[in-house]
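Reading the structure
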Amino acid sequence: MGKRISWIVTLLLLFLLAGGLSFAVNLYFDWLWFQELGKTVVFTTVIYAKSITGTATLAIVFFFLYLNLSLANRGPGSIEISIPTPDGSLTAHRFSREVVRRAVGVISLLVALVVALRAAERWEVIWRWLKGVEFGDADPIFARDISYYFFTLPVMQDLVRLGLILCGLSLAGVVALYYFKGSLKIARLNVAGKSAGAGAHISLLAALFFLLLGATAWLDRFQLLFSRHELISGANYSDLHGRLPMLAVLATAALLGAVLWVYNAFSARNRAAIAAVVLYVTVLLVGNLYPSILQKFVVSPNELVRESPQIEHAIQATLRAYNLSAVEERNLSGDKAITPEDIRANANTIRSIRLWDHEPLLDAFSQIQEIRTYYDFISVDNDRYTMHGVPQQMMLSPREMDSASLPERNWINEHLTYTHGYGITLGPVNRVTPEGLPMLLVQDIPPRAQEPLLQVARPEIYYGELTRGYVVVKTDAKEFDYPSGEENVYSTYEGSGGVPVNSFLRKLLFAFQFRDPNIVLSPLVKNDSRFLYHRDLRSRLARLAPFLILDQDPYMVVSEGRLCWIQDAYTTSDRYPYSLYTRGVGNYIRNSVKLVLDAYNGAVDLYISDPNDPVIRTYQGIFPGLMRPIDEMPRDLRAHVRYPEDIFRLQTYIYAVYHMTNPQVFYNKEDQWEIPVIASAGGAKAMSPYYVIMRLPQEENEEFILMLPFTPRGKDNLSAWMVARSDGEAYGKLVVYRFPKQKLIFGPKQIVARINQDADISRQISLWDQRGSQVIQGTLLVIPIEEGLLYVRPLYLRAEAGKIPELKRVIVAYENRIAMEETLEASIARIFEAEVAPTAEPRLTETTGQQAREAAAPAAAADLVRLAAEAYDRAIQAQRQGDWAKYGEELGKLGAVLSDLQKSRR
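Predicted model, so just to flag it, every value in this text is computed and none were measured.

Brief notes about the overall build of the protein
- Scanning the protein from terminus to terminus reveals 26 helices and 35 strands.
- Sequence-distant contacts, at least 24 apart, represent 66% of the contacts inside the protein between residues at least 6 apart.
- A total of about 41,800 Å² of accessible surface is found on the protein, and carbon and sulfur atoms cover 56% of it.

See below:
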């Protein structure tokens, strides 16, 4: 028996030692990682805060439990337990007071450790309270600053909850000890009238428990402001006139109960204790019943009148919490038709219309630019670059290394040789080759750029979305750089990223950390080798700033010859009174931080994009020096900052309902909007926000915006559209353009129906589908031009035997007119009866704003000549193939272009 116990103790000690060693090594390598990034303030602050919070909790819990249980152990009597023996008899085991005291100490310590570990994870609650910044807004019920609900109330709730747990555990332990010692009589808590006995002890603990119940009820009054109801979020009429006063009564009842329990400690009978319990339970039941009665008989018969003040509170709070209170609304008459002059005046907007969707473009990139099987494009990023003074929208995809696709997977290949991706593929969103493929401005390996602005001097991607697992650089193994014909080009890492090996001991610790003996066994890993780990973009940034929620779409930019990732991040909370709760977010959100990650060195910079956010200012106080103002972001990077899609999608969803600021209109949902739902190959789905460069109505210059249209609830016509601006001082401003309710403006669903009903378009799509090809209908884009709307939808064709989609047609719709031609320019020209010349590409001279629009016109003739030549070439090709229908069609297009050319020269 003794040997068995010794083995168990030995194994337990070994287990604890291994766990402690693993924890220490993890902590050490976390320190090295934060040190590499120069962000040790995060590591030290978290360790310090957790240590202080955990230690304080450990001490409080241990001493409270130990003192109460020790006091019970000192009482008269001893613990005697009868244990059955194998022959059926009972053997009495008596435990001395000293043994019980030791057991009480061990149990108290174990419970304190468990509670302290959980409390340490709540360190942020304490530190947010210590560093909290006021909002400057007050709630409408208690008139407290919103910071009270964000920072103070959670701390108070945690403290009261901890007190209830301690009292509950102490009561359970004390009652058990007194019971087994024979000092407790159920009928009468006091024993022989001795006030210092078991009854007094239990009664005083119960009094403290009731006092904490009263504090809970008092704090629950504030919690009513986060209630969720079908009509609104926040306290409704029955909450304010039913639950709120009843919670005050419940708190008073608990306080009286505490007094009765104290009296019971010095009483020979238990009547006071029974009265305390009955009083509290009665008030609790009545408090739960009364609001329901109030709701049914007072509120429901006259709900609008009763709830109007609360509806107004909810509307205003929701708009503030989702940063929608400053939305600018502009009215459009809807009466002004788009003219050819409007098309010419908005040449840059027309030229920037996106013709490539993400999925077809990603498929095209994958087929023509992946180069090798171990490279992968996993996303397409939407951004803009100013080319020769004119902003142009681009779509970019980084070529990342996918180690799972290596032809030969082994430790050296995965961790020493194939360490990084290489380069990008970039092209304009609106240009295609004669074969219908995307035109590329940056392509191939090494990357070739057609413009100096897009030259990539450092194309290696060591940190990205696919860079999972660790790699070791500066080893004796050849590090693969990029393929070149039949040979490969090798290189040596020259960056500052990673943690150096330095010594055999650290090498041994690396092997333990990554559970990989090859690190120690391999002679290729040297002392000056560097380990790059936590390379995955999302996990790297989440580890660095765990208090932020990351946007789903990080995007890469070319900045001064380097490749950098820009990641939007949010501060969120569920503590904003009366604000609508959204699953996965809470009821408060701000796009407060832009994180920039160098794809080569792994360096991360955090820039505050919303300095008015009290939450991020609070974290500035917690982590001094971690974040910098966005004004300190390099100008070249600042030009690529864009309003993120995730928060905009959420804001449009909220604003579709909460733009109705009149309580009666809100209650009746008279003017509720919806995001249009469009049928597609994968089923009907809501439109997604999309980026576009355009000149907004009532503005002078083109800008990069994110937009989404709205339709009335249950209707298909367009009622409004919302934009988020991204450029310069206008960054973050939201604008809503509203159409008059009395005028019919065709919505996206109606336009799609009209496109599908067009005989020529339907016939052409059916013809393509019958020839072993798949027609892909692209995203329908709503393009505002002055006060009118153009609808643009690209059509792609993909052969069943291949995977490369080709852009074959562009559909343009305006009011009752629909055109489908091979180019956007041709479709627009057909819509406007060839009165408008095709838009030109930007000239290779420095032009800005109005100068760029004026410069586009002289280039129109050259474009017409190009279109004529392309039509002639297609006609000749059709003649050689014997396709006389196609031949006649192209000759007709050639004649139309020549006619336009003649008009342009008059």
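Section: the packing of helix α2 (residues 40-73) against helix α4 (residues 123-131)
- In contact at an axis separation of 9 Å, α2 and α4 are set at 100° when each is read in the N-to-C sense. Classified by the angle between their axes, α2 and α4 sit roughly perpendicular to one another. Residues Val46, Tyr48, Ala49, Lys50, Ile52 and Thr53 of α2 lie in contact with α4, whose contacting residues are Trp123, Ile126 and Trp127.
- Of the residues belonging to the contact of α2 with α4, the class tally is 7 nonpolar, 1 polar and 1 charged.

A look at helix α7 (residues 237-265)
- Taking 1.5 Å as the rise per residue, α7 with 29 residues should run 42 Å; its terminal C-alpha atoms sit 42 Å apart, in good agreement.
- The axis of α7 is deflected most strongly, by about 30°, at Arg243, and proline Pro245 appears within four residues downstream.

Structural notes on the pattern of salt bridges
- Counting across every chain of the model gives 38 salt bridges.
- Counted as one network, the salt bridges with shared partners bring together Glu328, Arg330, Glu699, Glu703 and Arg725.

Describing the sheet that holds strand β13 (residues 471-473)
- Here we have 3 strands laid out as an open sheet, ordered β13-β17-β16, and antiparallel in their pairing. Two strands lie at the open edges of the sheet, namely β13 and β16 (499-500), each paired on one side alone.

Description of the packing of aromatic side chains
- For the structure on display, the rule yields 54 aromatic pairs.
- Considering the side-chain rings of Phe62 and Phe63, the 5.4 Å spacing of their centres and the 70° angle between planes classify their relative orientation as edge-to-face.
- Judged by its relative accessible area of 47%, Phe63 falls in the partly exposed class.
- Seen in terms of ring centroids, Tyr814 and Phe832 are 5.8 Å apart; in terms of plane orientation they differ by 25°. Their pairing is stacked. Taken as a pair, Tyr814 in strand β34 (residues 806-814) and Phe832 in the loop between α23 (824-831) and α24 (849-856) lie far apart in primary sequence, 18 residues in all.
- Overall, the relative accessible area of 5% leaves Phe832 in the buried class.
- The ring centre of Tyr600 lies 4.3 Å from the NZ or CZ of Arg458, which sits over that ring.

Some points on the nonpolar core
- Residues Leu606 and Trp721 are the most contacted members of the largest nonpolar core, which totals 221 residues.
- Aside from chain neighbours lying at most four places away, what touches Leu606 is Lys39, Leu544, Ala545, Leu548, Val593, Lys594, Leu595, Leu626, Met627 and Arg628.
- The next biggest cluster of nonpolar side chains, apart from the first, holds 13 residues, and it includes Tyr66, Ile79, Val174 and Ala198.

Some details on the side chain of Glu460
- The topology assignment puts Glu460 in strand β12 (residues 460-461).
- For Glu460, a relative accessible area of 7% translates into the label buried.
- Setting aside its immediate chain neighbours within four residues, Glu460 contacts His420, Gly421, Tyr422, Asp481, Ala599 and Tyr600.

Section: the pairing of strand β27 (residues 690-694)
- Judged by how many residues are buried, β27 sits mostly within the fold: 5 of 5 residues are covered.
- Of the pairings in the sheet, the one linking β27 to strand β28 (residues 703-712) comprises 5 bridges and is antiparallel in character. When the sheet's bridge partners are listed, Ile693 is paired in β28 with Phe704.

Structural notes on the packing of α2 against helix α3 (residues 97-120)
- The geometry of α2 relative to α3 is characterised by a closest axis approach of 8 Å and an angle of 150° between their N-to-C directions. Our classification of the angle between α2 and α3 gives roughly antiparallel. Note that α2 runs across α3; the crossing there is right-handed.

Quick notes on unusual backbone geometry
- In this structure, Pro446 follows Ile445 across a cis peptide bond, with omega equal to -10°.
- Despite not being glycine, Gln698 shows a phi value in the positive range, around 75°.
- Positionally, Gln698 belongs in the loop between β27 and β28.

Some thoughts on the environment of Pro794
- Summarising the element assignment, Pro794 is placed in strand β33 (residues 788-799).
- A relative accessible area of 0% places Pro794 in the buried class.
- Sequence separation between Pro794 and Asp357 is 437 residues, and the spatial gap between their C-alpha atoms is 8.4 Å.
- Filtering out sequence-adjacent residues up to four positions away, Pro794 remains in contact with Leu355, Ile776, Gln777, Gly778, Thr779, Leu807, Arg809 and Val810.

Quick look at the environment of Leu541
- Along the chain, Leu541 falls in helix α16 (residues 537-544).
- Counting along the chain gives 54 residues from Leu541 to Leu595, while the straight-line C-alpha distance between them is 7.9 Å.
- In this view, Leu541 contacts Leu550, Gln567, Leu595 and Val604; residues no more than four positions away in its chain are not counted.

Considerations on a nonpolar patch on the surface
- The grouping of Val106, Leu109, Leu110 and Leu113 at the surface amounts to a nonpolar patch, some 340 Å² of accessible area in total.
- Counting through the fold element by element, Leu109 comes out in helix α3.
- Owing to a relative accessible area of 40%, Leu109 belongs among the partly exposed residues under this scheme.

Quick look at the side chain of Thr417
- By secondary structure assignment, the location of Thr417 is in helix α13 (residues 411-417).
- A polar atom in the side chain of Thr417 sits 3.5 Å from the backbone oxygen of Lys478.
- Discounting chain neighbours no more than four positions away, the residues touching Thr417 are Ile412, Lys478, Glu479 and Phe480.

Structural notes on the confidence of the model for the protein
- On average, residues of the protein carry a pLDDT of 86, and 86% of them reach 70 or more.
- Confidence drops under pLDDT 50 across residues 834-859; counting only partners more than four residues distant or on other chains, this segment forms 55 contacts.

Focus on the environment of Leu355
- Locating Leu355 in the fold gives a position in the loop between α11 (347-351) and α12 (358-369).
- When the C-alpha atoms of Leu355 and Leu780 are compared, they prove to be 9.9 Å apart, with 425 residues separating the residues in sequence.
- Residues contacting Leu355, with those up to four places away along its chain left out, are Val429, Asn430, Val792, Pro794, Tyr796, Leu807, Val810 and Leu824.

Each value, and the rule that gives it
Residues numbered from 1 in each chain as written. Predicted model: local features only at pLDDT ≥ 70, side-chain atom pairs only at ≥ 80, totals over all residues. Heavy atoms only, no water. Helix = DSSP H or I, 4+ residues; strand = E, 2+ residues; numbered from the N terminus. Contact = heavy atoms within 4.5 Å. Areas by Shrake-Rupley, 256 points an atom, 1.4 Å probe, with all protein chains shown as cover. Axes fitted to C-alpha atoms, helices over the stretch in contact; angles between N-to-C directions. Parallel < 35°, antiparallel > 145°, perpendicular 65-115°, else oblique. Nonpolar A, V, L, I, M, F, W, Y, C, P; charged D, E, K, R; others polar. Expected span 1.5 Å × (residues − 1). Bend = angle between axes of the 7 residues up to and from the residue. Salt bridge = Lys/Arg side-chain N within 4 Å of Asp/Glu carboxyl O. Pairing = 2+ DSSP bridges. Phe/Tyr/Trp six-rings, centres within 6.5 Å; stacked < 30°, edge-to-face > 60°. Buried < 20%, exposed > 50% of the residue type's maximum accessible area, 1.4 Å probe, protein only. Lys NZ or Arg CZ within 6 Å of the ring centre and 35° of its normal. Core = buried A, V, L, I, M, F, W, Y, C linked by side-chain atoms within 4.5 Å. Left-handed = near helix turned anticlockwise from the far one by under 90°. Patch = residues over 30% accessible without salt bridge, like charges linked within 9 Å, V, L, I, M, F, W, Y side chains within 5 Å. Polar contact = N/O pair within 3.5 Å; in protein donor to acceptor, adjacent residues only side chain to side chain. pLDDT = per-residue confidence, 0-100.

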